[in-house]
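Residues per chain are reported as follows:
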Amino acid sequence: MSKLLKRLVKEESGQAMVEYGLIIALVAVVAIVGLTMFGNKIRDFFKTLGGDESPLNPTPPAPPAG
């Protein structure tokens, strides 16, 4: 029994996996919070880049004369 406990205390391979899992979870939480807070602004920014109507360009273009 004491050999098993000593081996479990010294073994660190599972510890690295847990740390990677925690880092991935933290990155996911930060991404979700960021998209929730800034999602509309990001969408409007990319719409502006794509040339769609956006708050920066609310009027449609005039029809061509002719």
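Okay, so let's go over this structure. This one's a predicted model, so the numbers in the text were calculated from it and none came from an experiment.

1. What to know about the overall build of the chain
Broken down by element type, the chain carries two helices and zero strands. Scored against the burial criterion, the 66 residues of the chain give a buried share of 2%. Summed over all atoms, the accessible surface of the chain reaches about 6300 Å², with 70% contributed by carbon and sulfur.

2. Description of the packing of aromatic side chains
The description of an aromatic ring pair rests on the distance of the ring centres and on the angle between the ring planes. Tallied over the full model, the rule gives one aromatic pair. Look at Phe45 and Phe46: their rings are 5.3 Å apart centre to centre, the planes differ by 75 degrees, and that puts the pair in the edge-to-face class.

Scoring rules and cut-offs
- Every chain begins its residue count from 1, and numbering advances along the sequence as written.
- Residue-level local features of this predicted model are given only where pLDDT is at least 70; pairs of side-chain atoms are given and counted only at 80 or more, and the full residue set underlies all totals for whole chains, interfaces and linings.
- Hydrogen atoms and water are omitted, and side-chain values are computed over all heavy atoms in the structure.
- Put simply, DSSP marks the helices as runs of H or I at least four residues long and the strands as runs of E at least two long, and each gets a number from the N terminus on.
- Each residue is placed in one exposure class: buried if its accessible area under a 1.4 Å probe, protein chains only, is under 20% of its type's maximum, exposed if it is over 50%, and partly exposed if it falls in between.
- Accessible surface is estimated by sampling points in the Shrake-Rupley manner with a 1.4 Å probe; for residues, cover comes only from the protein chains shown.
- When the centres of two rings from Phe, Tyr and Trp lie within 6.5 Å, Trp using its six-membered ring, the rings pair. Their planes under 30 degrees apart give stacked, over 60 give edge-to-face, and anything left gives tilted.

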